[in-house]
Amino acid sequence: MNTPELSQLGKASAYVDRYDASLLFPLPRETKRREIGITGSVPFLGADLWTAFELSWLNPRGKPMVALAHITVPCESTHIVESKSFKLYLNSFNNTPFASADAVRERIRNDVSAAIWHGGPVQAGAGVRLVLPEQFGQEPLRELEGLALDRLDVECSRYQPAPELLTAALTEQPVTETLVSHLLKSNCLVTGQPDWGSVQIRYSGPQIDQAGLLQYIVSFRNHNEFHEQCVERIYMDIWQRCKPARLMVYARYTRRGGLDINPWRSSHPCTPPANARTARQ
């Protein structure tokens, strides 16, 4: 079984510039999900929204072409793709001719779909959309909407996930709120390098104590986990501790290696958030 330690993270890597799908390194979701009490089918909906800013290939006449790529990885997939391997995989397109942008899109879609269902049938494939240069000006810049938790002047002393900081008014009337913080920081599971993010929490149910929620978000500051795993941990902690009737957690992490990864998880069917970058991205 693939493990993070076997990936190219934190290691010197040869940059292959000819197409090679074997560079993709799938990692099972199951291992980290067991830590937060998830076994079998997942208790939420959602996806991981990737943006690749460094995609290039050759057209049939050898002229370089460039694009952005938006990739959607369904959360029910059995695997994620380790991010450095995805960067190396995209680099392998650099000196490879393709007949068209559509051919590139289909190749990425097929390869990523196979990787996220590593060793099994593809039940829900990855979505891929390319943005060509003439469309760059239409790419939106949008901040996460909601009441800013960061306005609160709280004392913070916990820097490893502390779900006991989460409380809610379980005996009072339910509310519907959208809360946002830009103070989410965690570290790469393998290299320990910092990952910076903003998080949006939308819920209906007993009112969550906002000061405790902000302290909880800050408590991830020295925690080593991939983006997808942090968001699922946040979701499960809020779900179990605060008992909302509905919950959505969405994080947007800053770019690393030409990629940003933005997981969202929801307790109920809803319109997926737009994959629109924030100012920090």
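Right above here is the structure, for reference.
Residues numbered from 1 in each chain as written. Predicted model: local features only at pLDDT ≥ 70, side-chain atom pairs only at ≥ 80, totals over all residues. Heavy atoms only, no water.

Asker: Any chance you could explain the overall build of the protein chain here in plain terms?
Answerer: Helix and strand counts for the protein chain come out as five helices and 10 strands. Against the compact-globule benchmark of 19 Å for 281 residues, the protein chain has a radius of gyration of 19 Å, which places it among compact chains. Along the first, second and third principal axes, the C-alpha atoms of the protein chain reach 70 × 40 × 35 Å. Of all 281 residues assigned to the protein chain, the portion counted as buried reaches 49%. Put simply, of all contacts in the protein chain between residues at least 6 apart along the chain, 75% involve residues at least 24 apart. Charged side chains of the protein chain number 30 positive and 29 negative; the gap between the two group centres comes to 3 Å. (Helix = DSSP H or I, 4+ residues; strand = E, 2+ residues; numbered from the N terminus. Rg over C-alpha atoms; globule rule 2.2 N^0.38 Å. Buried < 20%, exposed > 50% of the residue type's maximum accessible area, 1.4 Å probe, protein only. Contact = heavy atoms within 4.5 Å. Lys, Arg positive; Asp, Glu negative; His and termini not counted. Charge placed at Lys NZ, Arg CZ, Asp CG, Glu CD.)

Asker: Please explain the sheet that holds strand β7 (residues 175–187) as it appears in this structure.
Answerer: The strands making up a sheet are joined through hydrogen bonds of the backbone, oriented either antiparallel or parallel. One open sheet accounts for eight strands, arranged β5-β3-β2-β10-β9-β8-β7-β6; its pairing is mixed. The strands lining the two open edges of the sheet, one partner per strand, are β5 (127–131) and β6 (147–148). Two strands pair when backbone bridges link them, and strand β2 (residues 45–58) and strand β3 (residues 64–74) are joined in this way by 10 bridges, in the antiparallel orientation. Its bridge partner lying in β3, A47 is registered against P74. (Pairing = 2+ DSSP bridges.)

Asker: Would you mind showing me how to read the packing of helix α2 (residues 83–91) against helix α3 (residues 101–116) here?
Answerer: If you want to describe how two helices pack, look at the angle between their axes and the distance between the axes. It is at 12 Å that the axes of α2 and α3 come closest, and there the two elements cross at 150°. Judged by the twist between their axes, the crossing of α2 over α3 is right-handed. Of the residues in α3, those touching α2 at F86, Y89 and L90 are R107, I108, D111 and V112. Of the residues that constitute the contact of α2 with α3, the class distribution is five nonpolar, no polar and two charged. (Axes fitted to C-alpha atoms, helices over the stretch in contact; angles between N-to-C directions. Left-handed = near helix turned anticlockwise from the far one by under 90°. Nonpolar A, V, L, I, M, F, W, Y, C, P; charged D, E, K, R; others polar.)

Asker: Looking at this structure, how should I read the side chain of T51?
Answerer: Tracing the chain through its elements places T51 in strand β2. A polar contact is formed between the side chain of T51 and the side chain of H70, at a distance of 3.5 Å. Among residues more than four places away in sequence, those in contact with T51 are A69, H70, R252, G258, L259, D260, N262 and N275. (Polar contact = N/O pair within 3.5 Å; in protein donor to acceptor, adjacent residues only side chain to side chain.)

Asker: What's the story with the pattern of salt bridges in this structure? I'm lost.
Answerer: Pairing is possible between side chains that carry opposite charge, provided their charged atoms lie close to one another. Across all of its chains, the model carries 16 salt bridges by this definition. The partner of D48 in a salt bridge is R29, and the shortest N-O contact between them spans 2.9 Å. Of the two residues, D48 sits in strand β2 while R29 sits in the loop between β1 (26–28) and α1 (30–35), which places them 19 residues apart along the sequence. One exposure class covers both D48 and R29, and it is buried. One salt bridge in this structure joins D48 and R265, with 2.8 Å as the shortest N-O distance. Separated by 217 residues along the polypeptide, D48 in strand β2 and R265 in strand β10 (residues 259–266) bring together distant segments of the chain. A single burial state applies to D48 and to R265, both of which are buried. Several salt bridges converge on common partners, so that one network encompasses R29, R33, D48, E232 and R265. (Salt bridge = Lys/Arg side-chain N within 4 Å of Asp/Glu carboxyl O.)

Asker: Is there a simple way to think about the pairing of β10 in this case?
Answerer: Successive side chains on a regular strand alternate, one facing one side of the sheet and the next facing the other. Of all eight residues in β10, eight are buried; the element is thus mostly enclosed. Burial along β10 is two-sided: the face carrying L259, I261, P263 and R265 and the face carrying D260, N262, W264 and S266 are both buried. Pairing of β2 with β10 involves eight bridges; the strand directions are antiparallel. Residue pairing for β10: D48 is matched across the bridge by P263.

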